[in-house]
Structures are given as structure tokens and as C-alpha cells.
Amino acid sequence: MSKRPRVSRSAPAEVNPVEPAPAEMELGTPYLFSCLLLFAGSGCAALIYEIVWFQLLELVIGSSGISLGFLTPLVGRAYIAGPVSGTAGLVFRGMVAAVCLLPPTFLMGASLPAMSRWVETTPKGVSWLGHLYSANVAGAVMGCLLAGFYLLRFYDLGFATYVAAGINVGVAGLALALAPRASSRPPTGTEVPGHAFHSVQNPPGASLVLAAIALSGLTALGAEVVWTRLLSLLLGGTVYTFSIILAVFLLGLWAGSAAGASLARRVSQPRWALAACQILLAAAIAWTAFTLASVLPYWPVDPLLSLSPWFNFDLDLTRCVRAILPATLLWGASFPLALASAAAEGEDPARLSGSVYAINTAGSIAGALMFSLILIPGWGTRVSQEVLIWVAAIAALVALVAAALGARNRTPVWMTGAAAVAALLLAGGLAASIADVPWQVIAYGRRVAPILRGLSVANDKLAQPLFVGEGINSSVVITQRGDQRFFYVGGKAEASSAPVDMRLQRMMAHVPALLHTPLPNGPSSVLVVGFGAGVTAGSFVPYPEVGNIVICELESLIPPASDKYFGNENNRVLWDHRTRVVYDDARHYIAATPEKFDIITTDPIHPWVKGTSTLYSKEYYELAKNHLNPGGIVAQWLPIYESDEETVNAELATFFSVFPDATVWSNYMQDDGYDLVLVGRRDSSAVDIDALQQRLDQPAYRGVLASLAEVNFHSAVELLAAYTGRASDLAPMLAGAAVNNDLNLRLQYLAGFGLNSLGSADIYGKLLTYRRFPDELLIGKGDRIDTLRSRLGQQHRTF
């Protein structure tokens, strides 16, 4: 392209003409297709970075620093030195995130304005701005799928970062190759010498257009927050589910922006089209809300129909498209229409695109914060969707006024008023139609359809919700069925008063407490990660030597609700004078606190849930180990149901890599109970069964013995009979097993593939085949040790 300047179309006739610049961008030219490729590559790299950075910041803010270039280790150390929790901690976390993300995202945001200098602010040029934006979003779809289903599944954060950086290098190389063929041109209405810009008067109502697109961005990100919460309940909150949801959202933005860009060059009044998009958005939001509450939960879909994860991914994709695609198409179309609506003849295209992009992004940030931190925890997802409808209607009203002000032929006031009244009436009717999702969705999650359709034994008519709540981080339900109560988080049963669950929850406390050094130096300080029903924390209450019980819980809804409905089972631990509750991420709390503990128990949600694998990583176990007092013990819950053998092996291998003398304990009884308790100790001293029984027989331990008896442990022999194996015996089984570390977070990708596995019984049986009686670990004399040998041998033979 020529670098000679071009005169404005509005230049006076007496100005000496100069050689015109080449024609503005024409659809179908190889040069412009190269520009689209540039933007697609940039969008692909940006989404890979987004996914990688999210996991990195999760590790830094929630735990210790991890080195992957940039300044992450330094930021991690600075963050740990800052406020630990509370409002100050929350604000400081936002500042850390800003420090890490603003520099690169600033450059990402500058790409569209920089490229826009190669077009003109004519209908055709503005349309091409929309196509460039569309190409960027198309690349983002590819980056989302590439990172979620391949790069991070098979490699690690470092490799994914290098791939994204390689794409950036390729984009930069292509841009440099194209640069000699093009130059930024002075927009129409500017002075030629020096390419200085005259101020161009904004068209009437341009500020209202910016307000409308800001509100559109607010509804888009607000809806993404709300719908991701609800869809993750219905589909299962795996990393793959989140990748599918994000990909469908981006797919709609891409298709919508492409359509909107084509429409922008064909309509004479794009503001009316922008207003129509916002009105239709109100209807599309209502459609999604209806689909999520009244359609998808009743679809005849049983996740166990196929053990193939790809079959279930196909179902998930279909359900996401059905639910959210219509709205995302309209949000995508809104951006190029806003560009066309705000454009003035001769305006600097970089200024135009930068302004619209910036205000849309600002609205998006506001929507994400407002809905995740205020509306959902304060009023729930139903009211949040009603707010979305009303905000979309307001955006439509603003766009209608802008359209009336900018019309070449002044639109009668009564017509604009009638359209506004119609939009408000429509919004009111749609908002009134929004219903809560069934509480069963929060309780049973991806298995809800057979239950709601009456095809499952879990659909017991006696099951009644006692508590339903939606917090900042989790949705919670507590139900009662007969004389038993059940605690659900995010579509998964996490605790209950059923015998097998009570046995596990008691074991999480009693096994490490009784393996710890006996009086007078028994466990005095305990950290419980994850409150759940409070039974594990409450099981420490009867121990006379325990003087400090710290409970770290991420969701503030849970402890008060569990105290109300599981108070008898958890010994009213919240009201014990020794108890202190910290509402924080466990990794961050352990990394930031100077305290050390005698016992740390970790009972997070299932490892297939996105983000949870950070509490099953090698670095997390090292962090916990470093916060133990001499003789301290770490106890980790490990489910072998909803897991395949590869996942379980990775969990065991990771724990054993930090605690090479670790032992494994099981709550198995009467053909039920496929949970393990992993116990890692700072020392490897033997456990004397006779001394342990003497300890339990002391008057001070009557409460402990009663707590054990409630779950059918009536003696030291019966408790130690839960022994299932140890690291050295299981080494042949774990040969070649993956180790989950902070750099790869491999576990969440393995677990996401194996959550429909029905192999828990086989996995447990295989574990038992490697069990040998640990002569140097469990010692004693006489009948007790002989009885224990017999019990362990009998379990081995009869499983």
C-alpha cells in the first residue's frame, strides 16, 4: 500500500490534490484475510494465556509461588507477606491480580485499535472492524478448546505458555511481513502533514451508544457468571465442562459478531438494530433461564449410560448450545453494531474502536464483579437473571433514545416512547417468568434427570430440603430422608449422617489423633481444611489435650448451616471455645499463616471438580508438611468412587512422593464405603496397640471412645483393622503413575475423564492384594496383636 497521504473527502476544492491512497479494505483480498489470520492467532494465544494465568494466580493467591517466567515467584512472596484474610485480604488479592495481568492484557486490548488504523470510518470500514473482532473471537474459541482438551491435559502450564508465545511470535512475524505493504492512513477530515487529527464532533447520541454497549457487556459477563454456575451443576464441574461452556459462549460471540459486522454495512440506521439486539437479548436471557430451570434438568439423560467421556462431552455440548447460544449470538452482534452506531465520518478509527472496546470491557468487568460478589450470594441466581433482563431492557431504552437522536429524519417522540413502553412491558413479563432451578439440581447435579423423572431410587418422597443456599463460591443443599441428613455442595454429596459417611468423617480425626504421640505431648493444635458437616472438626472436641481447633472453609454459608442441622453429630464444634473459623482458601491460609499444627486434615471436594486438584498436589502436601510440629500428621481424604484406577494411582503416588512412609486406611464395611484416609507422618515411630487401648481406657478419653463407638469402632483393634496398606507395599501398583504437581495439575484432567467409572470395588480389591501386615509399624503383645493380624487377614481373604 502507498504511504502517500490522502486528502479528506470533505477537503475544500482549493486544496492541492495529492495522490490518493489505495482503496480501503476489500472483502476477499489476500491482504485482508492475512489480517483476519493475525487477529485469530492473537485471540487463540490470549485464551491459552487466560486459562494458564488463571491457574497460576490460583496457585499464587491460594498457595505458594510457582516459577513459570514473568514475576510470579516474586509476586507470590510479596502476596504471602500481605493481609491474610478479610476485606483487606480480598482487596490485596485484587491488587496482586492487577499487577500480574494488567501489563499483558493492556497489550492485548491495544491490538484492535492498532489494526483499525488500516480502515476508514465508513460503513464498509467499520464493518471490517467488526470482522476483525469476529476473527479474534474465533481464535479464542480455538484457544479455549486447544488448552482445555489438549495442551493442559497432556502437557503442563509451561508447555501451554510456550505454545501461546509461539503463536504470538508467528503473529508478530506475519505482521512485520505485511507492514511494508501498508501504513496507517490519516482518516478523512484530518490534516495531511504529520497526520495530525482535527477534532471530529461526535454524532448526536454517541455517548448513549457507548452507555448501551457498556450495559450489554455488563449483562454478557454477568450472565456468563450465573450460567456457568448453573451449567456446572447440571453437567458436572470438571475442567472439560468449563472449557465447553466457555467455547460455546465464545462461539456465539464469534458467529454473532460476524453477522453483526455484515449487517452494519447494510443498514442505514445501525442504532435501531442495536436497540433491537438488546430487546431480543431480554427474551434470550429468559429463554436460557427457562431452559436451565425447566428443560435441561428433565432431559432423559443419564450420565452413566455411557462410560465414554467423549459421549458425555457431546451431550454437554448439545445442552450448552441449546441453553446459551441464542443470547451469545446477540451479544456478539451488539459490538459491531455499536461501532457503526458511534462512528462519525472522518473520525480516527483507532479512537472509535478503542472507545467502544474499552467501555464494553468496563461493563464486562462490572458485571462479573457485581454478579459474582453481590447478586448471586445476596439474592441467588433467579433474581440475578431477573436483573439481567431488566438491564438488557435498559440498554434497549438507551439505544432507542440514541437512535431517535441520530435519525436523519427525526423520529416522532410517540414512536420512541411506544417502543420504550413495549420494551419495559416485555421485560416485566419476562422477568416475572423466571423460576428457581429445582433444589434437586444443586443436590444431585449431573444425575438429577433420572431422579426428577422418578426413575431412580434416590427419588425418595421423604427427601425434603432443609436448607438451600447460593454463596460466592458454592451452592449448598441440606436434605433429610428418614432419620438421615445429607449435605450437598455443587451437585455432589459431601457428607451425611449415614453410618458409612459418619465412619469416614470420624476416621479423618480419630486416626491421626490416636496415631499421634500420646499424653502428655499429644496433639494440641489442629487444622481442619473443609468444614463440610463439621463432623471431622467436631471429633477433635473430646480430646482433652487439644487446645486449638482451626477450621479453614472457603464458603461462608456452610459452617452456620451445618451447625444448625448437624450440630448433634459435630459436637457443636462452632461453639467450642477452642474453635476458630477462617474463611479463606486453604492453600493461601497455610502459606500465609506462621502457625504450625500437630494435625492437619484435608477433606476437599472431589478431585474432578475444576480447581480442586490444587489441594491434591505435591506442592500442597509439602506446604502442609512444612507447617507440622515435630511428630505432626497430615490426613487426606481420597475417594475411590467416581474415579478410575489411573486417577486413584495418581492421587496415591502424589501423596507418597511427599510422605514415603504414608499409610492408607479405609471406611469399608458391609459392602459399602469406598473412601480412603491417607496418613502422612513426620516420624515413622511404631504404634503400640496395647498402649493405644490403655489410652482409650483412660477416664479423660471416655468422650473419644464414645465417638468411636458411634461408628462401630469399640476398641483399638477395631480401629486399626481399618488399615489398608502403605506406600512401600503399593509401590508395584503405582509404577509409572502420574504425580500431580502445580505445574501440570494433571489430576483434574485425569479425574474429569474417570468420574463415571464404576470400578471402585475393583480398585479397592486391588489395593488389598498388596496389603501386608506391617510388623514394624503395628506392634503389641498377646491377644490384641493376634486378633488384629487375624482381622486384617480375614478381610483380605473375604473381599
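Preceding this paragraph is the structure being described.
Source: prediction; values computed, not measured.

(A) Representation of the overall build of the chain within the structure. Counting its secondary structure elements, the chain contains 26 helices and 14 strands. The 799 residues of the chain split such that 56% are buried. Within the chain, counting contacts between residues at least 6 apart in sequence, those at least 24 apart form 78% of the total. Per element, the accessible surface of the chain, about 31200 Å² overall, is 62% carbon and sulfur.

(B) Representation of the environment of Arg447. Counting through the fold element by element, Arg447 comes out in the loop between helix 12 (439-444) and helix 13 (448-452). Sequence separation between Arg447 and Leu235 is 212 residues; the distance between their C-alpha atoms is 8.7 Å.

(C) The arrangement of the sheet that holds strand 5 (residues 525-529) in detail. Pairing is mixed in the open sheet, where 8 strands are placed in the order 7-6-5-8-9-11-10-13. The sheet is open, and its two borders are formed by strand 7 (579-583) and strand 13 (723-726), each paired with just one other strand. With direction set aside, neighbouring strand axes in the sheet form an average angle of 20 degrees. Relative to strand 8 (residues 597-602), strand 5 is paired through 4 bridges, and the arrangement is parallel. Bridge pairing in strand 8 places Val528 opposite Thr601.

(D) Seen up close, a nonpolar patch on the surface. A surface patch of nonpolar side chains, amounting to about 610 Å² of accessible area, comprises Ile365, Leu369, Leu373, Ile374, Trp379 and Ile472. Along the polypeptide, Leu373 turns up in helix 10 (residues 349-406). Taking relative accessible area as the criterion, Leu373 reaches 41% and is therefore assigned partly exposed.

(E) Seen up close, the sheet that holds strand 4 (residues 492-496). Strand order across the open sheet formed by 4 strands is 1-2-3-4, with antiparallel pairing between neighbours. Unpaired on one side and paired on the other, strand 1 (464-470) and strand 4 mark the two borders of the sheet. Mean inter-strand twist for the sheet, computed between neighbouring axes without regard to direction, equals 20 degrees. Here strand 2 (residues 475-481) runs beside strand 3 (residues 484-489); their pairing, made up of 6 bridges, is antiparallel. Among the inter-strand pairings, Ile478 is bridged to a residue of strand 3, identified as Phe487.

(F) Structural view of the nonpolar core. Trp227, Leu250, Trp331 and Ile389 are the most contacted members of the largest nonpolar core, which totals 123 residues. Not counting the four nearest positions on each side in its chain, Leu250 is found in contact with Leu47, Val137, Ala140, Val141 and Cys144. Listed in part, the 103 residues of the second largest apolar core include Ile478, Trp637, Tyr764 and Leu788.

(G) The arrangement of the packing of aromatic side chains in detail. Going through the model one piece at a time under the given rule, you end up with 28 aromatic pairs. Seen from their ring centres, Tyr674 and Tyr764 are 6.1 Å apart, and the 70 degrees between their planes marks the pair as edge-to-face. With a gap of 90 residues between them, Tyr674 in the loop between strand 10 (663-666) and strand 11 (675-681) and Tyr764 in helix 25 (residues 760-769) connect regions that are remote in the sequence. One aromatic cluster is present, formed by Phe149, Tyr240, Trp310, Phe313, Tyr749 and Phe753 through successive ring pairs. The ring of Phe753 has Arg153 lying over it, and the distance from NZ or CZ to the ring centre is 4.0 Å. Between Arg446 and the ring centre of Trp608, over which it is positioned, the NZ or CZ distance is 5.4 Å.

Rules used throughout
- Residues numbered from 1 in each chain as written.
- Predicted model: local features only at pLDDT ≥ 70, side-chain atom pairs only at ≥ 80, totals over all residues.
- Heavy atoms only, no water.
- Helix = DSSP H or I, 4+ residues; strand = E, 2+ residues; numbered from the N terminus.
- Buried < 20%, exposed > 50% of the residue type's maximum accessible area, 1.4 Å probe, protein only.
- Contact = heavy atoms within 4.5 Å.
- Areas by Shrake-Rupley, 256 points an atom, 1.4 Å probe, with all protein chains shown as cover.
- Pairing = 2+ DSSP bridges.
- Axes fitted to C-alpha atoms, helices over the stretch in contact; angles between N-to-C directions.
- Patch = residues over 30% accessible without salt bridge, like charges linked within 9 Å, V, L, I, M, F, W, Y side chains within 5 Å.
- Salt bridge = Lys/Arg side-chain N within 4 Å of Asp/Glu carboxyl O.
- Core = buried A, V, L, I, M, F, W, Y, C linked by side-chain atoms within 4.5 Å.
- Phe/Tyr/Trp six-rings, centres within 6.5 Å; stacked < 30°, edge-to-face > 60°.
- Lys NZ or Arg CZ within 6 Å of the ring centre and 35° of its normal.

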